[in-house]
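This is what each chain is made of:
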Amino acid sequence: KQEVTQIPAALSVPEGENLVLNCSFTDSAIYNLQWFRQDPGKGLTSLLLIQSSQREQTSGRLNASLDKSSGRSTLYIAASQPGDSATYLCAAAGGGNKLTFGTGTQLKVEL
Amino acid sequence: GAGVSQSPSNKVTEKGKDVELRCDPISGHTALYWYRQRLGQGLEFLIYFQGNSAPDKSGLPSDRFSAERTGESVSTLTIQRTQQEDSAVYLCASSLVGSFGPNQPQHFGDGTRLSIL
């Protein structure tokens, strides 16, 4: 059974700082690894999807890497802004694109 | 709008009552997923539809939970004889899968917040 873990559970940083969120998964037989953002009272917004054959994906200030062999993914956020404050979730996709989620990292970017 | 729509956004009901939650996926999305997010816990997979059939129901927690999808569009998640532990946010997502392959992002609705008194 796939298990996904995210570290840290919560993070508070000053505006402008670069930061890294970590995700680990136990079963390397995945189709892809997805990163989402969740704002309070809202659903999830897809940020990046890394296919199992890829090593990284970039979108604006976000960069996500994937190391299947070690069961790890990282989300790098450059030059953080207060608007980046949210909970960040990673999810490993198995058969049928069924996602197994981590419990998330709650990020707060302070002015 | 063009996103995934869920209704109601909030539902409060008494223990023992039945509830129905609705999901309208993005038009043309063949795959539809239901997840549950209980307070302080991660999202749990409930059920997955490809078209109108459900090849994976492994996440449904008990036989009080059921779901159906019609017209390769709207899906309804039904919880019978609700219990307090059913209180959670129920999220629906849709994606292009099938002939497009498995690597399609899932698009989520804002969820239904269910509270059982």
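The rules behind these values
Residues numbered from 1 in each chain as written. Chains lettered and ligands numbered in written order. Predicted model: local features only at pLDDT ≥ 70, side-chain atom pairs only at ≥ 80, totals over all residues. Heavy atoms only, no water. Helix = DSSP H or I, 4+ residues; strand = E, 2+ residues; numbered from the N terminus. Rg over C-alpha atoms; globule rule 2.2 N^0.38 Å. Buried < 20%, exposed > 50% of the residue type's maximum accessible area, 1.4 Å probe, protein only. Areas by Shrake-Rupley, 256 points an atom, 1.4 Å probe, with all protein chains shown as cover. Lys, Arg positive; Asp, Glu negative; His and termini not counted. Charge placed at Lys NZ, Arg CZ, Asp CG, Glu CD. Pairing = 2+ DSSP bridges. Phe/Tyr/Trp six-rings, centres within 6.5 Å; stacked < 30°, edge-to-face > 60°. Disulfide = S-S within 2.5 Å. 1 Å grid on protein atoms, 1.4 Å probe; cavity = no way out; pocket = protein on both sides within 12 Å on 5 of 7 lines; lining within 4 Å. Points joined across faces, edges and corners; volume = space filled by probe spheres on them. Nonpolar A, V, L, I, M, F, W, Y, C, P; charged D, E, K, R; others polar. Core = buried A, V, L, I, M, F, W, Y, C linked by side-chain atoms within 4.5 Å. Contact = heavy atoms within 4.5 Å.

*Asks:* Would you take a moment to explain the overall build of chain A for this structure?
*Replies:* Check the secondary structure of chain A and you find zero helices and 11 strands. Its C-alpha atoms give chain A a radius of gyration of 13 Å, within 12% of the compact-globule value 13 Å for 111 residues. Out of the 111 residues in chain A, the part that is buried amounts to 41%. Here chain A has roughly 5200 Å² of accessible surface; of this, 47% comes from carbon and sulfur atoms. Between the centroid of the 9 positive side chains of chain A and the centroid of its 9 negative side chains there is a distance of 7 Å.

*Asks:* What is the right way to read the pairing of strand 4 (residues 32-38) of chain A from this model?
*Replies:* Residues and elements named next belong to chain A. Counting buried positions over the seven residues of strand 4 gives seven, a clear majority of the element. In strand 4, alternate side chains face the same way, and those of N32, Q34, F36 and Q38 on one face and L33, W35 and R37 on the other are all buried. Relative to strand 5 (residues 44-51), strand 4 is paired through seven bridges, and the arrangement is antiparallel. What sits directly across from Q38, in strand 5, is L44. Hairpin geometry of strand 4 and strand 5 is characterised by an intervening segment of five residues between the two adjacent antiparallel strands and by a positive phi of about 75° at G41. As paired strands, strand 4 and strand 9 (residues 86-93) are joined by seven bridges and run antiparallel to one another.

*Asks:* I would appreciate a short explanation of the packing of aromatic side chains in the present structure.
*Replies:* Both the distance between ring centres and the angle between the ring planes are used here to describe each pair of aromatic rings. The full count for this structure, using the stated rule, is eight aromatic pairs over all chains. Centroid distance B:Y35 to B:F108: 5.5 Å. Interplanar angle 35°. Geometry classified as tilted. With a gap of 73 residues between them, B:Y35 in strand 4 (residues 31-37) and B:F108 in strand 10 (residues 107-108) connect regions that are remote in the sequence. Both residues of the pair, B:Y35 and B:F108, belong to the buried class. A network of ring pairs unites the aromatic residues A:F36, A:F101, B:Y33, B:Y35, B:F45, B:Y48 and B:F108 as a single cluster.

*Asks:* Which parts of the structure should I look at to understand the state of the cysteines?
*Replies:* In protein chemistry, a disulfide is the covalent bond that joins the sulfur atoms of two cysteines. Across all of its chains, the model carries two disulfides over all chains by this definition. Covalent S-S linkage joins A:C23 and A:C90, the inter-sulfur distance amounting to 2.0 Å. One disulfide, between A:C23 and A:C90, carries an S-S torsion of 75° and so falls in the right-handed class. Here A:C90 lies in strand 9 and A:C23 lies in strand 3 (residues 19-25), a separation of 67 residues in the sequence. Each disulfide pairs two cysteine sulfurs, and for B:C23 the partner residue is B:C92, the sulfurs being separated by 1.9 Å. Between B:C23 and B:C92 the sulfur-sulfur dihedral comes to about -65°; the bridge is accordingly left-handed.

*Asks:* Quick question: what am I supposed to make of the layout of surface pockets here?
*Replies:* A probe as big as a water molecule, rolled over the atoms, marks out the empty space that is left. Here the largest pocket is characterised by a volume of approximately 580 Å³. Counting only elements with at least two residues in the lining of the largest pocket, the list comes to strand 9 of chain A together with strand 9 (88-95) and strand 11 (112-116) of chain B. With three residues, strand 11 of chain B is the single largest residue contributor to the lining of the largest pocket. Forming the walls of the second largest pocket are 15 residues, and the residues nearest its centre are A:K1, A:Q2, A:T100, A:F101 and B:L43. Every element with two or more residues in the lining of the second largest pocket is listed here: strand 1 (4-7) and strand 10 (99-101) of chain A together with strand 5 (43-50) of chain B. In terms of residue class, the lining of the second largest pocket is made up of five nonpolar, six polar and four charged.

*Asks:* Before we go on, may I ask you to explain the nonpolar core in this structure?
*Replies:* Across soluble globular proteins, you tend to see nonpolar side chains buried next to one another. One finds A:L33, A:W35, A:L75, A:I77, A:Y88 and A:L107 to be the most contacted residues of the largest nonpolar core, which totals 22 residues. For this core, the secondary-structure elements that each account for two or more residues are strand 3, strand 4, strand 5, strand 7 (62-67), strand 8 (72-77), strand 9 and strand 11 (105-110) of chain A. Beyond its immediate chain neighbours, meaning those up to four positions away, A:L75 contacts A:L19, A:V20, A:L21, A:W35, A:L47, A:L48, A:L62, A:N63, A:A64 and A:Y88. Formed by 19 residues, the second largest nonpolar core is a distinct cluster that contains B:I26, B:I47, B:F65 and B:I116.

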